[in-house]
Number of protein chains: 2
Amino acid sequence: METNFNDKQIKILEVAEVLFSEKGFDGTSIRDISKEAKINIAMISYYFGSKERLLEDLIIYRTSDLKLQLDYLILENLEPIEKVNKLIELYINRVNCNRGIYRILHFEFTSKKRNLNHEAFSELKKGNLKSLEAIIIEGQTKGVFKKDIVIPLITPTILGTFFHFQMNKPFFENLLNLNTEALYNNYIKTILTKHIQQTIKALLVYES
Amino acid sequence: METNFNDKQIKILEVAEVLFSEKGFDGTSIRDISKEAKINIAMISYYFGSKERLLEDLIIYRTSDLKLQLDYLILENLEPIEKVNKLIELYINRVNCNRGIYRILHFEFTSKKRNLNHEAFSELKKGNLKSLEAIIIEGQTKGVFKKDIVIPLITPTILGTFFHFQMNKPFFENLLNLNTEALYNNYIKTILTKHIQQTIKALLVYES
DNA sequence: AATTAAATTAAACGAACGTTTAATTTAAAC
DNA sequence: GTTTAAATTAAACGTTCGTTTAATTTAATT
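Remember, it's a predicted structure, so these values are computed and weren't measured experimentally. (Residues numbered from 1 in each chain as written. Chains lettered and ligands numbered in written order. Predicted model: local features only at pLDDT ≥ 70, side-chain atom pairs only at ≥ 80, totals over all residues. Heavy atoms only, no water.)

Draft legend 1. Quick look at the relation of the copies chain A and chain B. With an RMSD of 0.1 Å, the fit of chain A onto chain B corresponds to turning through 180° and sliding 0.0 Å along the axis. Put plainly, the chains are arranged around a two-fold axis. Distance from the rotation axis, computed per C-alpha, reaches its smallest value in chain A at Gly160 of chain A: 1.9 Å. A share of 100% of interface residues in chain A that are also interface residues in chain B marks the association as one of identical surfaces. (Least-squares fit on C-alpha atoms with pLDDT ≥ 70 in both. Contact = heavy atoms within 4.5 Å.)

Draft legend 2. Layout of the packing of aromatic side chains. This structure, assessed with the given rule, holds 19 aromatic pairs over all chains. On the basis of an interplanar angle of 10° and a centroid distance of 5.7 Å, the ring pair of Phe165 of chain A and Tyr187 of chain A is categorised as stacked. In this pair, Phe165 of chain A sits in helix 9 (residues 154-167) while Tyr187 of chain A sits in helix 11 (residues 181-205), placing the two residues 22 residues apart along the sequence. Side by side, Phe165 of chain A and Tyr187 of chain A carry an identical accessibility label, which is buried. Look at Phe171 of chain B and Phe172 of chain B: their rings are 5.2 Å apart centre to centre, the planes differ by 75°, and that puts the pair in the edge-to-face class. Each member of the pair Phe171 of chain B and Phe172 of chain B is classed as buried. Ring pairing ties together the aromatic residues Phe165, Phe171, Phe172, Tyr184 and Tyr187 of chain A, which thus form one cluster. In this structure, Lys169 of chain B packs its charged tip against the face of Tyr184 of chain B, placed 4.8 Å from the ring centre. (Phe/Tyr/Trp six-rings, centres within 6.5 Å; stacked < 30°, edge-to-face > 60°. Helix = DSSP H or I, 4+ residues; strand = E, 2+ residues; numbered from the N terminus. Buried < 20%, exposed > 50% of the residue type's maximum accessible area, 1.4 Å probe, protein only. Lys NZ or Arg CZ within 6 Å of the ring centre and 35° of its normal.)

Draft legend 3. Inspection of the interface of chain A and chain B at higher detail. Contact with chain A, which involves 48 residues of that partner, is made by 48 residues of chain B. Around 4,500 Å² of area is buried between chain A and chain B when both sides are counted, 67% of it from carbon and sulfur atoms. Looking at the side of chain A facing chain B, the largest losses of area belong to Leu153, His164 and Phe171 of chain A, adding up to 14% of the total buried there. For the pair chain A and chain B, the number of links is zero salt bridges. Counting across the chain A and chain B interface gives 11 residue pairs in polar contact (both at pLDDT 80 or more). Taken together, the residues of the side of chain A that touches chain B sort by class into 22 nonpolar, 15 polar and 11 charged. (Buried area = accessible area lost by both parts, 1.4 Å probe. Salt bridge = Lys/Arg side-chain N within 4 Å of Asp/Glu carboxyl O. Polar contact = N/O pair within 3.5 Å; in protein donor to acceptor, adjacent residues only side chain to side chain. Nonpolar A, V, L, I, M, F, W, Y, C, P; charged D, E, K, R; others polar.)

Draft legend 4. Structural view of the protein's contact with DNA strand C. Around DNA strand C, the structure places 16 residues, and the nearest of them are Ile30, Arg31 and Lys51 of chain A together with Lys8 and Tyr46 of chain B. Within 4 Å of the protein, the atoms of DNA strand C are drawn from sugar and phosphate moieties in a proportion of 47%. Contact distances for DNA strand C include 3.4 Å between a phosphate oxygen and a side-chain N or O atom of Ser29 of chain A. Broken down by secondary-structure element, the contributors of at least two residues to the surface near DNA strand C are helix 2 (30-37) and helix 3 (41-48) of chain A together with helix 3 (41-48) of chain B. (Near = heavy atom within 4 Å.)

Draft legend 5. Region of interest: the protein's contact with DNA strand D. Around DNA strand D, the structure places 16 residues, and the nearest of them are Lys8 and Tyr46 of chain A together with Ile30, Arg31 and Lys51 of chain B. Put simply, 48% of the atoms of DNA strand D that lie within 4 Å of the protein are in sugar or phosphate. In this structure, a phosphate oxygen belonging to DNA strand D sits 2.8 Å away from a side-chain N or O atom of Tyr46 of chain A. Those elements that place two or more of their residues in the surface near DNA strand D are helix 3 of chain A together with helix 2 (30-37) and helix 3 of chain B.

None of this, on its own, says anything about what the molecule does.
Given below as structure tokens:
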């Protein structure tokens, strides 16, 4: 799979990322993209073949650099709980910095209309889960984490909390008086991240 | 706001619910809807005026019966933690039984293309948050819940976990061998719900 | 039975869609 | 400088979109 795009192609990809994420795949026309990118409509078919393949290329373009920083984390000399905290921070930061593409993945991968290559993305998720599992089991072996934990449900709690917050952005902006983008981002970086860390820690160590 | 629809209108609404939720608003044509509902295309404009208003009516139709069972819960004579557990069960059940409409809300309310009436839905969410707050504060007053909890972030954790699981249905079906719809639903009802209850309880009572 | 209103239909509307064509410009190779 | 390939363009393609029209059928009212 080729990932070397020229300037024009990158421009198209970046505009598509913004528009797809804002208005959805079906809600964005290639005329919208070409106008915003100041590139002739025909260039999109010329470079990518079709709108659907543009989306596929976009996903590859944005997830190929997302190579696992997780594996480094596992090998670090840290307490299990510290590793989990770092993992959460890493997750939130990754997803928050690449909102556009994650929003698209979130929406378009779920649509029954799209028949994208689910396999590749599924493998990515499985790999991430394996890394998380390694950290949890290490903590259990060391006796700091309790035993009866459903590991595959931890990621939904971490990412789900973030996504749900993100999806209801206008609501929370209003509720929490996060009037500026900076305030909003800061809230994610500090309070939301801490909330998730606190939640997961409690789940992992609290004996009922 | 009128909520009395005749049989034909209800048929249209129910078909629209399924299709919007499966293929998105922009991904569904009114021809799709009319064909599936076996009703002439013109009837949709005739009854609802436009496709956009059909969506608005659909949301009203499905959320008007969603009147707060929460308020009953608050008044019940239960321990705070039991109330929280029941609230989670109620939330998951509600959202799980009305997947279609919640999926639509989730997707279309977030789209910058839609300019739906956010205000009404925002008020609904604020009301729900107030109910949750009442329960948490009661628990804190009774000394069973700890003090430093960011209450507005509890709902994202509850619903976010569920939604993220739901959004990645094919992945988890495969991972957890939930081959049939019954097995999948049962997993939500038992293990996923318990995971969320366990998580929130730990968050509320665990002192670090 | 005649009148009136509501429900339903097939057909057509103009606009927007993704894509292709064929001509032209730009750049590279020789 | 000529040739050749790549990049770029405006225009047109055929389809599908949401919506409207105008005619017809059904049902209710008098």
